[in-house]
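Tertiary structure, described
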Amino acid sequence: MQRALSIRNVYTAYGKADVLSGVDIEILPKKITCLLGSNGAGKSTLIRSILGLTPPREGEIIFEGLPISGHPTHSVVAKGIACIPEGRRVFPKMTVKDNLLMGAYLESSEKKIKMNMGKVFEIFPRLEERQEQLAGTMSGGEQAMVSIGRGLMSSPKLLIIDEPSLGLSPALVSENFRIIRKINDAGTAVFLVEQNVRQTLAISHYGYVLSQGRVTAQGTAEELKTSDEVQQAYFG
Amino acid sequence: MDISLLAQFTVNGLMLGMMYALVAVGFTLFFGVLDIIVFSHGDVVMVGAFAALTGHYWLTGIYPDMSMWVELFFISCISIITVAAFGMIMAKTMILRLRSASPLNTLLATMMLGTVLREAVRLFFPGGSNPKPFPVLLPDISASFGDFTLRFDSVILFVLGALLIVSLHLLITKTKLGMAIRAVAQDEETARLMGVNFTLIVLITFAIGSAVAAFAGVMNGLYYNEINFGMGLLLGAIGFSAAIIGGLGNIYGAILGGFLFAGLQTLGAVAMPFASAYKDVFAFGVVILIMAWKPTGLIAEKTSERV
């Protein structure tokens, strides 16, 4: 089977305490792979490990056949991985346009940047109207648009999305999931990390459940929906 | 008061303000990217002046007949490049290493570094414990309007300083490098997620801040025609105060703060002609009042863009 990103036997620790203890995950190209887990399961740590913000102390992370574990964040990103971080994290004192341009920081072709910005404006027409507004003065929903748009500006091969539903109204959450589906339809592999089980499984192809730093269940979205593990943990 | 005297005070105040602004910009840049205070920054200004003086000794030894302008250009370059390199080395070997500790440790370490720089110049520079004459490299022309004398060299220095500030502004607001510096200042981790090489941006920021300080040092030497190993101490305190009252992290605030401080000093000298030695006491006193009145600086963080 072909893979976009392989996480093999990864252990990551803060200080001496292991947060991840031997995680194995395969992210499929052109598919949505999701990672479910409750607070403190290690989801964010796994993302930090992939991106080189908190390098794993053991194990391998392989992107398109090349090891990336232990590489500095900027070189991981340069290989074609983008991240829409938890809590949106827009640059508050930059305009919407500058935020988007930051997303294309490693892209040198002006033409490509313009093209990608056009695509982002097509998905979020509101951002085009608000280009010159400081991102910090926007509503939560609008900031989510900026953050997603920024993640698309580098036309990544793999998009990691960390808790996109956090702090948004149910209507906006549905809208975001619809957009994630659309991004994936255009060919981008998505690694979706979420607590919102129902909606996540509804758009994912394959999924993993992380609990206390270990993968406790995996399977296709259909399998997970009916799995005892997930049923017990999330649906009671 | 006599109008020509007032003009004289204004011009002197503007000159001082420019020097302070250039020093304050460094404090605010470093705080912007790393949230730290680099206390040795004033002494880096002094090192810039001494680097230029060393360049002067060296160049006039090789080419005694060099024209003033050419020499000015070269010793400025020598000073700026040396000090920029020094800033990068300091950031790499000391400041980035101290990141995992409390910012107070950086404050203390850079305070000690300042002492090391001061004492090193005093002990190792030939005759370093005495004030050193700085070469006159600008034409000694002046225009007099009654009692008011406008020195041509002051005008040139002011214009050069203003050009430097404008270039810095353009660099920060219009270039990709400037955007990366702003991104790191606003959210370091997210900037890294966008592909910004954090370490490189920090090093470049320290090179820029230190280079601007070096220029302030050269300017100081040319303006007073004398430099000494302790000159950075007061300049550092003033630059730091200027950055604080302007709102730490905000470049325009730092520039405003620099001119404001010079204005206060001048006001102190004008208002108390019987005790002009107290002008610093007056200026720092007012700074304390401003800090009590606007604890986050005159340009509040909310409405302004940090770095």
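Residues numbered from 1 in each chain as written. Chains lettered and ligands numbered in written order. Predicted model: local features only at pLDDT ≥ 70, side-chain atom pairs only at ≥ 80, totals over all residues. Heavy atoms only, no water.

Side note on the sheet that holds strand β2 (residues 17–27) of chain A
Residue and element names in this part refer to chain A. As summarised here, the arrangement of the four strands in space is β2-β1-β4-β5, forming an open sheet in which the pairing is antiparallel. Each end of this open sheet is capped by a strand with a single partner; those strands are β2 and β5 (66–67). Sitting on the sheet, helix α1 (residues 43–51) is in contact with β1 (5–14), β2 and β4 (58–63), with an inclination near 110° to β1. (Pairing = 2+ DSSP bridges. Helix = DSSP H or I, 4+ residues; strand = E, 2+ residues; numbered from the N terminus. Contact = heavy atoms within 4.5 Å. Axes fitted to C-alpha atoms, helices over the stretch in contact; angles between N-to-C directions.)

Concerning the confidence of the model for chain B
Residues and elements named next belong to chain B. Taken residue by residue, chain B gives an average pLDDT of 92. The fraction at 70 or more is 97%. Averaged pLDDT values for the elements of chain B fall to 85 in strand β2 (residues 142–145) and rise to 97 in helix α8 (residues 198–224). Contacts for the low-pLDDT stretch residues 302–306, under 50 throughout, to residues beyond four places or in other chains number 15 contacts. (pLDDT = per-residue confidence, 0-100.)

Quick word on the pattern of salt bridges
A complete count under the given rule lists 17 salt bridges over all chains for this structure. The network of salt bridges with common partners includes A:Arg48, A:Arg89, B:Asp187 and B:Glu189. (Salt bridge = Lys/Arg side-chain N within 4 Å of Asp/Glu carboxyl O.)

Describing the interface of chain B and chain A
With 21 residues of chain B at the interface, the matching set in chain A holds 22 residues. Summing the contributions of chain B and of chain A, the shared interface buries around 2100 Å²; its carbon and sulfur component is 61%. Three residues stand out in chain B for area buried against chain A, namely B:Met179, B:Leu193 and B:Met194, and they jointly supply 33% of the buried area on that side. A salt bridge links B:Glu189 to A:Arg48, with the nearest nitrogen and oxygen atoms 2.8 Å apart. Going through the elements one at a time, α6 (176–186) and α7 (188–193) of chain B are the ones with two or more residues in the side of chain B that touches chain A. Looking at which element gives the most residues to the side of chain B that touches chain A, the answer is α6(B), with six residues. When grouped by side-chain class, the residues that make up the side of chain B that touches chain A number eight nonpolar, five polar and eight charged. (Buried area = accessible area lost by both parts, 1.4 Å probe. Nonpolar A, V, L, I, M, F, W, Y, C, P; charged D, E, K, R; others polar.)

Some thoughts on the domain arrangement of chain A
All names here are of chain A. According to the domain assignment, chain A consists of domain 1 (5–80 + 156–235) and domain 2 (91–154). Placing a centre on the C-alpha atoms of domain 1 and another on those of domain 2 gives a separation of 24 Å. Counting residues at the interface gives ten residues for domain 1, matched by ten residues for domain 2. Between domain 1 and domain 2 the total buried area reaches about 790 Å² when both faces are included, carbon and sulfur atoms providing 82% of it. The largest per-residue losses of area from domain 1 upon contact with domain 2 belong to Pro156, Ile179 and Ile183, which jointly make up 45% of the total buried on that side. Summed over the shared surface of domain 1 and domain 2, the number is zero residue pairs in polar contact (both at pLDDT 80 or more). Listed by contribution, the elements that provide at least two residues to the side of domain 1 that touches domain 2 are α2 (73–78) and α7 (170–185). Of all the elements, α7 adds the most residues to the side of domain 1 that touches domain 2, at four residues. Here the side of domain 1 that touches domain 2 is composed, by residue class, of eight nonpolar, two polar and no charged. (Domains from an automatic or database assignment. Polar contact = N/O pair within 3.5 Å; in protein donor to acceptor, adjacent residues only side chain to side chain.)

Quick word on the pairing of strand β7 (residues 158–162) of chain A
All names here are of chain A. Along β7, five of the five residues are buried, which leaves the element largely enclosed by surrounding structure. Across the two faces of β7 the burial is the same, with Leu158, Ile160 and Asp162 and Leu159 and Ile161 all buried. Pairing analysis gives four bridges linking strand β6 (residues 81–84) to β7, with the strands arranged parallel. Within β7, the position partnered with isoleucine 84 by the bridge is isoleucine 161. (Buried < 20%, exposed > 50% of the residue type's maximum accessible area, 1.4 Å probe, protein only.)

A few points about helix α11 (residues 279–293) of chain B
Residue and element names in this part refer to chain B. Counted at 1.5 Å a residue, the expected span for α11 with its 15 residues is 21 Å, and the 21 Å between its end C-alpha atoms agrees. Within α11, burial applies to Asp280, Ala283, Val286, Val287 and Ile290. All buried residues of α11 lie within an arc of 130° about the axis, which places them on one face of the element. Exposed positions of α11 whose direction lies more than 90 degrees from the buried face are Val281, Ile288, Leu289 and Ala292. As for α11, its buried residues are in contact with α9 (231–246) and α10 (251–271). (Expected span 1.5 Å × (residues − 1). Arc of directions from axis to C-beta.)

Notes on unusual backbone geometry
Residues apart from glycine generally show negative phi values, whereas peptide bonds are mostly found in trans. We note that A:Glu64 has phi near 50°; this positive angle belongs to a residue other than glycine. Mapped onto the elements, A:Glu64 comes out in the loop between β4 and β5. On the basis of relative accessibility, which here comes to 43%, the residue A:Glu64 falls in the partly exposed class. You will see that B:Asp35, though not glycine, has its phi angle at about 55°, which is positive. Summarising the element assignment, B:Asp35 is placed in the loop between α1 (3–34) and α2 (41–62). In this structure B:Asp35 comes out as partly exposed when scored by relative accessible area, which is 42%.

Observations concerning the state of the cysteines
Residue and element names in this part refer to chain A. Taken as a whole and assessed by the stated rule, the structure comprises zero disulfides over all chains. As a non-bridged cysteine, cysteine 34 has cysteine 83 as the owner of its nearest cysteine sulfur, 16 Å distant. Judged by relative accessible area, cysteine 34 falls into the buried class, the value being 0%. A residue is classified by how much of its surface remains accessible, and cysteine 83, at 5% relative accessible area, is buried. (Disulfide = S-S within 2.5 Å.)

Observations concerning the confidence of the model for chain A
Any residue range with low pLDDT should be treated as having predicted coordinates unsuitable for detailed reading. Per-residue confidence for chain A averages 92 on the pLDDT scale, and 97% of its residues sit at or above 70. Averaged pLDDT values over the elements of chain A bottom out at 69 in helix α10 (residues 228–235) of chain A and peak at 97 in helix α3 (residues 96–103) of chain A.

Looking at the packing of α3(A) against α6(B)
At their nearest, the axes of α3(A) and α6(B) sit 11 Å apart, and the two run at 100° to each other. Classified by the angle between their axes, α3(A) and α6(B) sit roughly perpendicular to one another. Along the contact surface, α3(A) presents A:Asp98, A:Leu101 and A:Met102, while α6(B) presents B:Met179, B:Arg182 and B:Ala183. For the contact of α3(A) with α6(B), the class distribution of residues is four nonpolar, no polar and two charged. (Parallel < 35°, antiparallel > 145°, perpendicular 65-115°, else oblique.)

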